[in-house]
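Architecture and fold: a report
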Amino acid sequence: FKGSNRAQRVPPISYAMSVGDEKRGVSVHHFCNGFLHAISKLPGLSRESKVYEVEEKVIRAQGANKICPQTHKLGSSYVDAIEGDDEAGLASYMLSYTWGYKVGDIAD
């Protein structure tokens, strides 16, 4: 729109285009559904589990056998290991939490 003051609509970046981007984040949808579901399937873990209790079995395990899009080596971050536009993409907000928080409290 040359000479126009109208804003141009930018199409959303798809899941595939955001893989490996430093601003990629896990969606709220994924955290409240896929992530909590993965935790519920493991013995001894639940919404009451703390981040440090799920880190090895859920977070680290998700990307353990995937190639990192940044280093091209085995072992990807959690966010780059999940797939689908509803699961991850470029982040609009950042959620800060600590290892001692219960995962259910983060989801709520």
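Residues numbered from 1 in each chain as written. Predicted model: local features only at pLDDT ≥ 70, side-chain atom pairs only at ≥ 80, totals over all residues. Heavy atoms only, no water.

1. Topic: the confidence of the model for the chain
Going by this rule: Confidence of the predictor at the level of single residues is captured by pLDDT, which takes values from 0 to 100. Here a strand is any run of E in DSSP of at least two residues, a helix any run of H or I of at least four, and the numbering for each starts at the N terminus.
Overall, the predicted model of the chain reaches an average pLDDT of 85, with 84% of residues at or above 70. By mean pLDDT, helix H1 (residues 15-18) is the weakest element of the chain at 62, and helix H3 (residues 51-63) is the strongest at 95.

2. A look at the nonpolar core
To be explicit about the condition: Nine residue types can take part in a nonpolar core, namely buried Ala, Val, Leu, Ile, Met, Phe, Trp, Tyr and Cys, and a core is a set of them joined through side-chain atoms within 4.5 Å. Only protein chains enter the area calculation, which uses a 1.4 Å probe; residues under 20% of their type maximum are buried, those over 50% are exposed, and those in between are partly exposed. The contact rule is simple, with two residues in contact once any of their heavy atoms fall within 4.5 Å.
Judged by nonpolar contacts, the single largest core of 15 residues is most densely connected at Phe31, Phe35, Leu36, Ile39, Val54, Val58 and Val103. Of all elements in the fold, only helix H2 (28-40), H3, helix H4 (78-81) and helix H5 (103-107) reach the threshold of two or more residues within this core. With four residues, the top contributor of residues to this core is H2. Those residues within four positions of Ile39 in sequence are excluded, and the remaining contacts are Leu45, Ser46, Val54, Val58 and Val103.

3. Structural notes on the environment of Phe35
Tracing the backbone shows Phe35 in helix H2. Between the C-alpha atom of Phe35 and that of Ala107, which follows or precedes it by 72 residues, the distance is 9.7 Å. Look past the residues within four positions of Phe35 in its chain and what remains in contact with it is His30, Val54, Val58, Ile59, Tyr78 and Val103.

4. Quick look at unusual backbone geometry
With a phi close to 60°, His72 is a non-glycine residue in the positive phi region. Secondary-structure assignment places His72 in the loop between H3 and H4.

5. Description of the packing of aromatic side chains
Keep this limit in mind: Only the six-membered ring of Trp is used, alongside the rings of Phe and Tyr, when aromatic pairs are assigned; centres must lie within 6.5 Å, and planes under 30 degrees apart are stacked while those over 60 apart are edge-to-face, with the rest tilted.
Here the structure, examined in full by the defined rule, presents two aromatic pairs. Pairing Phe31 with Phe35 gives two aromatic rings, centres 4.7 Å apart and planes at 20°, and the pair type is stacked. Note that Phe31 and Phe35 are positioned in helix H2 at a spacing of four residues, about one turn of the helix. For the pair formed by Phe31 and Phe35, the shared burial category is buried. A ring pair is formed by Phe35 and Tyr78, whose centres lie 5.7 Å apart and whose planes are at 90°; its orientation type is edge-to-face. Placement of Phe35 in helix H2 and of Tyr78 in helix H4 is noted, with a sequence separation of 43 residues between them. The residues Phe35 and Tyr78 share a single accessibility class, namely buried. An aromatic cluster is defined as three or more aromatic residues linked by ring pairs; in this entry it consists of Phe31, Phe35 and Tyr78.

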